[in-house]
Amino acid sequence: MSKRFIIKPWLIVGLLLVIPTSLFTAIELLTLNDQEEVIESIYTKQLESVLSSINQHTDDIANNWIDDHESNTDLSKLTGTFEESLSGFPYIRSFILHPIDSISLNLGSFSISNDTLKKEIVNQLLAHNNEIEQLKRYIKSGYRKIIGIDLEYQQHLSMLVYVSQVQTQTFLNILLLDARQFISEVLSPRIQMVAGNDLIIVVRHNKTNELIACSLLNEAPDEVVKEQAIWLLPDYYLGIQPVGISISELANKRATQNIGLLILVDILLITGAWLFYRNVKRELHLAKVKSDFVSNVSHEIRTPLALISMYAETLQLGRLKEESKRQKYYNIIYRETQRLSGIVNNILNFSRIESGRQKLSFGNVNINDIVEDVNNNYNYHFNEKGFTVDTDINHELRSINADKQALTECVINLVDNAVKYSADTKKIHLRTGVRASYQFIEVSDEGIGISPKELKHIFDKFYRVTKGALAHHAKGSGLGLSIVNHLVQGHQGKIEVESTEGKGSTFRILLPINNSAKP
Ligand code: ADP
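Residues numbered from 1 in each chain as written. Predicted model: local features only at pLDDT ≥ 70, side-chain atom pairs only at ≥ 80, totals over all residues. Heavy atoms only, no water.

Asker: What's the story with the packing of aromatic side chains in this structure? I'm lost.
Answerer: Geometrically, a pair of aromatic rings is defined through the distance of the ring centres and the angle of the planes. All chains considered together, the criterion is met by 7 aromatic pairs. The interplanar angle of 40 degrees and the centroid separation of 6.3 Å between the aromatic rings of Tyr378 and Phe382 together place this pair among those described as tilted. Both rings, one in Phe459 and one in Phe507, keep their centres 6.5 Å apart while their planes meet at 75 degrees; by these two values the pair is edge-to-face. Here Phe459, found in the loop between helix H10 (452-455) and helix H11 (469-473), pairs with Phe507, found in strand S16 (residues 504-512); they are 48 residues apart in sequence, far enough to count as distant. Phe459 sits in the buried class, given a relative accessible area of 17%. In this structure an aromatic cluster arises from ring pairing among Phe293, Phe350 and Phe462. Across the ring face of Tyr162, the terminal group of Arg144 is positioned such that the distance to the ring centre comes to 5.9 Å. (Phe/Tyr/Trp six-rings, centres within 6.5 Å; stacked < 30°, edge-to-face > 60°. Helix = DSSP H or I, 4+ residues; strand = E, 2+ residues; numbered from the N terminus. Buried < 20%, exposed > 50% of the residue type's maximum accessible area, 1.4 Å probe, protein only. Lys NZ or Arg CZ within 6 Å of the ring centre and 35° of its normal.)

Asker: What's the story with the side chain of Thr170 in this structure? I'm lost.
Answerer: By the secondary structure assignment, Thr170 is in strand S5 (residues 169-178). Classification of Thr170 by relative accessible area gives buried; the value is 11%. If we ignore the near neighbours within four places in the chain, the residues touching Thr170 are His98, Pro99, Ile100, Lys136, Val163, Ser164 and Gln165. (Contact = heavy atoms within 4.5 Å.)

Asker: Would you mind showing me how to read the nonpolar core here?
Answerer: For soluble globular proteins, the rule of thumb is that nonpolar side chains tend to be buried together. Ile367, Phe382, Val415, Ile428, Val443, Phe507 and Ile509 are the most contacted members of the largest nonpolar core, which has 46 residues in total. Considering each element in turn, this core owes the most residues, 8 residues, to helix H9 (residues 404-420). Look past the residues within four positions of Val415 in its chain and what remains in contact with it is Val374, Phe382, Ile428, Leu430 and Val443. Leu175, Phe182, Ile191 and Tyr236 belong to the second-largest nonpolar core, a separate cluster that totals 38 residues. (Core = buried A, V, L, I, M, F, W, Y, C linked by side-chain atoms within 4.5 Å.)

Asker: How should the pattern of salt bridges be read in this particular structure?
Answerer: Oppositely charged side chains are able to pair whenever their charged atoms sit close together. Scanning the model with the defined rule gives 18 salt bridges in all. Among the salt bridges present, the one from Glu384 reaches Arg335, with a minimum N-O distance of 2.2 Å. On the criterion of sequence distance, the pair formed by Glu384 in helix H8 (residues 379-385) and Arg335 in helix H6 (residues 323-355) is long-range, its members being 49 residues apart. What makes Glu384 partly exposed here is its relative accessible area of 39%. With its nearest N and O atoms 3.1 Å apart, the salt bridge here joins Glu498 to Arg508. A residue pair is termed long-range when its members are at least 10 positions apart, and Glu498 in strand S15 (residues 494-500) and Arg508 in strand S16 qualify at 10 residues. According to the relative accessible area criterion, Glu498 is partly exposed, its value standing at 45%. Judged by relative accessible area, which is 9%, Arg508 ranks as buried. (Salt bridge = Lys/Arg side-chain N within 4 Å of Asp/Glu carboxyl O.)

Asker: Any chance you could explain the site of the ligand here in plain terms?
Answerer: Taken together, 18 residues surround the ligand, and among them Tyr421, Asp445, Arg464, Ser477 and Leu481 come closest. One nitrogen or oxygen atom from the side chain of Asn417 is found 2.9 Å from an oxygen atom belonging to the ligand. Between the ligand and Gly478 there is a distance of 2.9 Å, counted from an oxygen atom to a backbone nitrogen or oxygen. Alone, the ligand offers 530 Å² of accessible surface; in the complex the protein occludes 98% of this. Within the residue set of the shell around the ligand, elements represented by two or more residues are H9, helix H12 (480-490) and S16. Across the shell around the ligand, the residue classes tally to 8 nonpolar, 7 polar and 3 charged. (Near = heavy atom within 4 Å. Polar contact = N/O pair within 3.5 Å; in protein donor to acceptor, adjacent residues only side chain to side chain. Areas by Shrake-Rupley, 256 points an atom, 1.4 Å probe, with all protein chains shown as cover. Nonpolar A, V, L, I, M, F, W, Y, C, P; charged D, E, K, R; others polar.)

Asker: I would appreciate a short explanation of empty space enclosed by the protein in the present structure.
Answerer: To find leftover empty space, a probe the size of one water molecule is rolled over the atoms. Inspection of every chain in the model, using the stated rule, returns 1 cavity of 30 Å³ or more. Lining the largest cavity are Thr58, Ile61, Ala62, Trp65, Tyr91, Ile92, Leu160, Leu175, Leu177, Phe182, Leu232 and Leu233. Mapped by element, the contributors of at least two residues to the lining of the largest cavity are helix H1 (3-72) and S5. Here the lining of the largest cavity takes 4 residues from H1, the largest share from any one element. When the residues that make up the lining of the largest cavity are grouped by side-chain class, the tally is 11 nonpolar, 1 polar and no charged. (1 Å grid on protein atoms, 1.4 Å probe; cavity = no way out; pocket = protein on both sides within 12 Å on 5 of 7 lines; lining within 4 Å. Points joined across faces, edges and corners; volume = space filled by probe spheres on them.)

What follows is the structure in structure tokens.
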């Protein structure tokens, strides 16, 4: 199967799923700020209009008072200062009606008993001369505007100024009022009504930040999202704060949640795509491994079968007269049968391991016996292939709890590999000994060795090295070492390998001396 086939589904999944969602997430992230700004500005405007409605209400109250006052009073006879509070309006401290001509304010004749207050009022009026001139122009075109001016003379004393006209005479009207009282008595009910349950509206003094009114008793917030000066009382401001979470915070939270969700979906998709890719790759690898396995095993079985068949046929025909030749043929048949049973044993072992049916039967075993048995049984085989086998047996070793049959199969596999993967130097070294709490069996050769890269995989099932002429032509199923590994682990043991390319390999089976496994 070609590599192109592996990459294709990966690319398709990537294009169809991952890329669009990643793009969507990226766009969402980029536009998040814009969306937030739009929501924020809509929200701020709404809060502003709430505050403006309160301001408008203040204006309406002042205008209504003036309308009432003007319709009930003959202004032409009412020039002067009225220093006592006007009936029904306790927050109005004084009312000053001052005739002015069209050229100047003519404040000389302006009379008020308190000199300091008079001085400040006059100074403020002079300072606001331009605005007053505008008020005069407005009244001529029938529009009355009120301006608010703060006074230093006394805290919370504020001044409302407007111009009125009776026939040809123009009057400057000055209202001195107790701003705090006005706010508490007139604005508070309105503030409470407008605020409802969703908003908190406060009125504070600009300079001292003193709280004058609050729509929610005892819960005046220290910070507000929007502020607006009171048009008629410039020393005071209105502040507004939503109860609980604000719209922009809500929008922000939702957007963050959405993006979090999108990223999660992306991660899931990418993980899914990766798992899909891995599975496809694994399936393809498995398919290849299986077909290689079938061809390797068939090949391995075919050779001994052909030899057995050929020699058996020759013997059967009775053509061989010499006993020595017949004996040689019997030996070949026996050796090839051994080889066949070795292959079949490995396959059966593997299938038992895979299905979880592999059972070890433990008993008292001296590992020296295993090594010596294998050496004796394979002696003919070694001689025939030109191998010299030397053994280094530690005769002090005592029996351990192990499965003799399984360990014999392990050693046969290792010895078989040592033979298969040795080139010119045909030397095998078998050793037994003790290391810490383990006894070991070591099988060394001076063969082709294994590269560090391959070393990591040789215990994987079906894994075979096919690089190099010898490895390529050596027959095998790729099951031997994975079976050895499994059987050794069944003994709570370990398998170690040291190998240098071109120099040889040493495989070491370590078995615990005190293995408590039951027979
Ligand atoms: P195989 O049937 O291919 O021998 P194994 O599982 O026994 O399968 O071994 C896996 C691979 O490890 C082999 O294909 C071989 O390349 C490498 N190998 C095993 N033993 C040796 C050794 N003694 N020297 C060099 N290579 C070895």
